[in-house]
Amino acid sequence: MEKNKGQNIIRTGLYGGSFNPVHNGHVKLARRMLKAAHLDEVWLLVTPQNPWKSQTDLLDDDIRFRMAREAVADIPGVVASNYEFHLPKPSYTWDTLQALAKDYPDRQFTLLIGGDNWERFNGWYQHDKILANYDIVVFPRRGTVIDKDTLPPRVRVLRAALIDISGTDIRRRIREGQPFDHLVPPQVARIIQEEHLYTEQGSE
């Protein structure tokens, strides 16, 4: 997106997700994208609970944001954001980008998405406007194959190792009493244990 000439632009990557919970894979990928995509910052954009979509084990917005914030507190250039919490729901990416452009005119936003989301990107709300106005960096996800020769001009693929960690597996491990702390940052493991999150009782 064009900015005013002479303005000090902060190149900011938007890495959205439920982060339920944030895990080592998220953090490692954010750090990788920060460097590989030549960004000044990467925001972990914690998405709010969709009121039209039921997910019984999705934790409260503020708890997920707290874990994300703690996970990246000591990582320069990577920050957690609850920006979408204050937007009308459901939070469509195009609407979020428009609001961010208005509130942060000194930033140039780049969308960071997984290969699975890129495969269904044509179904996103106002996807054509996103492609016309914003750069997109796609990172690999297991089971997805991206044909680089067919990518639009402002879309590129980030070379990054596949990280085989999933929130679903972490939540299952917690419910079954299996070790999980090696899959999440220490700060996140502490919050989960202290708050008894993702247990049968805590997931209701």
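Scroll up for the structure.
Report follows, based on the coordinates. Per chain, residues are indexed from 1 in the order of the written sequence. Only residues with pLDDT of 70 or above have their local features reported here, since the model is predicted, and side-chain atom pairs are shown and tallied only from 80 upward, although totals for entire chains, interfaces and linings are computed over all residues. Side-chain numbers come from the whole structure's heavy atoms, not from hydrogens or water.

### Quick word on the pattern of salt bridges
The rule for a salt bridge is simple: a side-chain nitrogen of Lys or Arg has to be within 4 Å of a carboxyl oxygen of Asp or Glu. Summed over the entire model, instances satisfying the criterion amount to 12 salt bridges. Among the salt bridges present, the one from arginine 173 reaches aspartate 169, with a minimum N-O distance of 3.1 Å. You can see arginine 173 and its partner aspartate 169 sitting in helix H6 (residues 167-175), four residues apart, about one turn around the helix. Residue aspartate 169 is classed as partly exposed on the basis of its relative accessible area, which comes to 24%. For the salt bridge of glutamate 194 with arginine 190, the shortest nitrogen-to-oxygen distance reads 3.5 Å. Per the convention used, a helix needs a DSSP run of H or I reaching at least four residues, while a strand needs a run of E reaching at least two, with both numbered from the N terminus. For every residue, the accessible area obtained with a 1.4 Å probe (protein chains only) is divided by the maximum for its type, and the residue is called buried under 20%, exposed over 50%, and partly exposed between those limits.

### Points about the pairing of strand E2 (residues 41-46)
Of all six residues in E2, five are buried; the element is thus mostly enclosed. Pairing analysis gives six bridges linking strand E1 (residues 10-17) to E2, with the strands arranged parallel. For threonine 12, the partnering residue across the bridge sits in E2 and is glutamate 41. If the strands point away from the viewer and the path from the first strand over the helix to the second runs clockwise, then the crossover is right-handed. Where the polypeptide runs from E1 across helix H1 (residues 24-36) and back to E2, its parallel neighbour, the crossover connection is right-handed. In this analysis, strands are considered paired if DSSP registers two or more bridges between them.

### Quick look at the environment of isoleucine 10
Mapped onto the elements of the fold, isoleucine 10 is located in strand E1. Its relative accessible area of 21% is what places isoleucine 10 among the partly exposed residues. Each C-alpha atom of the pair isoleucine 10 and phenylalanine 109 lies 8.4 Å from the other, and the pair is 99 residues apart in sequence. If near-sequence neighbours (up to four positions away) are discounted, isoleucine 10 is found in contact with Asp40, Asp106, Arg107 and Gln108. Contact between two residues is taken to exist if any of their heavy atoms lie within 4.5 Å; hydrogens are not considered.

### Remarks on the nonpolar core
The biggest cluster of nonpolar side chains holds 39 residues, and the ones touching the most others in it are Tyr15, Val22, Leu44, Met67, Val72 and Ile192. Elements with a contribution of two residues or more to this core: H1, E2, helix H2 (61-71), strand E3 (78-81), strand E5 (135-139), H6 and helix H7 (186-195). Top contributing element to this core by residue count: H1, with six residues. Ignoring sequence-local partners within four residues, the contact set of isoleucine 192 consists of Pro21, Met67, Ile174, Phe180, Leu197 and Tyr198. Joining through side-chain atoms within 4.5 Å is the link that ties buried Ala, Val, Leu, Ile, Met, Phe, Trp, Tyr and Cys residues into a set, and such a set is a nonpolar core. Listed in part, the 22 residues of the second largest apolar core include Tyr83, Leu100, Ile130 and Val138.

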